[in-house]
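Chain residues, written in single-letter form:
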Amino acid sequence: MSTPAKPTAAPKVTVPALRARKGGDKVVALTAYDVVFARLADQAGVDVVLVGDSLGMVVQGQASTLPVTVDDVVYHTRAVARGAARAHLCADMPFMSYQASVEDGMRAAGRLVKDAGAESVKLEGGVEIAELIRRLTRAGIPVMGHVGLTPQSLHKFGGFKIQGRTDEQRAAILEDARAVAEAGAFALVIEGVPRALAADITRAVSAVTIGIGAGPDCDGQVMVMHDLLGLEPAWKPRFVRRYAEMGAAAGQAFAAYADDVRAGRFPSKDESWD
């Protein structure tokens, strides 16, 4: 009698594997900030787990991503790395960790890879960060770019506003995308731009494009975990689709627990030892 074959583990999602998805199977990316949700995303088949500087807003309660530090991202990336066995793990470079000099960016990216376990880093910007991207890729650190509505530039934009509506903005964003891809970025997040512009960028660059609020024509999509799960019930921008209402469910569970404790229903005999 033969022994049943053990199921084959899904292969690790690597940078070359993601590059090969250009124009093919859509790339699924999702943020995560701790081991539990990283493991759930990984087991669900998510291709890229991003430790976003969005943690400043959804985890720390900040008004923007600007206060996030490299230490913050290192801490959360270490936790996520313990849960993301199959998915590719990308970590965000926080505001002012790379804008002052190429050397600053090299050091910060090195920490995220060496100390935190990231397999690539994500940078916001375009032409102005092309040299840093070239240096990072030569050093063996894969880079994911980010153009369009770049949250670290919210003061420049006057808030979180759609970009690329004017001819001038459109030309600048397209130039930025080309510069980032030509510098060696394997992937490119396109955020908060009209669908037609995202489609033009996707056709114009060799990098895999990953949209967020950029329409369906990119090579993949990314969402903030908290938005997808409905963890903040009052927050629902147009580009978000909720797949659960976990915020409401958690609130109900907490209220039921509080009622049971106050009424003496928890813990019960079965939940106690003699």
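Here is a short report on the structure shown in this document. (Residues numbered from 1 in each chain as written. Predicted model: local features only at pLDDT ≥ 70, side-chain atom pairs only at ≥ 80, totals over all residues. Heavy atoms only, no water.)

1. A look at the pairing of strand E6 (residues 187-191)
One face of the sheet, then the other: side chains in a regular strand alternate in exactly this way.
Next, step 1: Of all five residues in E6, five are buried, a share of seventy percent or more.
Next, step 2: In the sheet, strand E5 (residues 143-148) pairs with E6 via five bridges, with the strands oriented parallel. Counted as the bridge partner of Gly-148 is Glu-191 from E6.
Next, step 3: Here E6 pairs with strand E7 (residues 208-212) via five bridges, running parallel. Bridge pairing links Ala-187 to Val-208 in E7.
Next, step 4: Assessed by its sense of winding, the connection that carries the chain from E6 through helix H9 (residues 195-204) to E7 is right-handed. (Buried < 20%, exposed > 50% of the residue type's maximum accessible area, 1.4 Å probe, protein only. Helix = DSSP H or I, 4+ residues; strand = E, 2+ residues; numbered from the N terminus. Pairing = 2+ DSSP bridges. Right-handed = clockwise from strand over helix to strand, strands pointing away.)

2. Some words on the sheet that holds strand E2 (residues 48-51)
Next, step 1: Read once around its circumference, the closed barrel built from eight strands follows the order E1-E2-E3-E4-E5-E6-E7-E8, with strand pairing classed as parallel. Neighbour to neighbour, the strand axes of the sheet diverge by 25° on average, direction disregarded.
Next, step 2: Relative to strand E3 (residues 88-92), E2 is paired through four bridges, and the arrangement is parallel. The residue of E3 that forms the bridge with Val-51 is Ala-91. (Axes fitted to C-alpha atoms, helices over the stretch in contact; angles between N-to-C directions.)

Geometric values such as these leave the question of function open.
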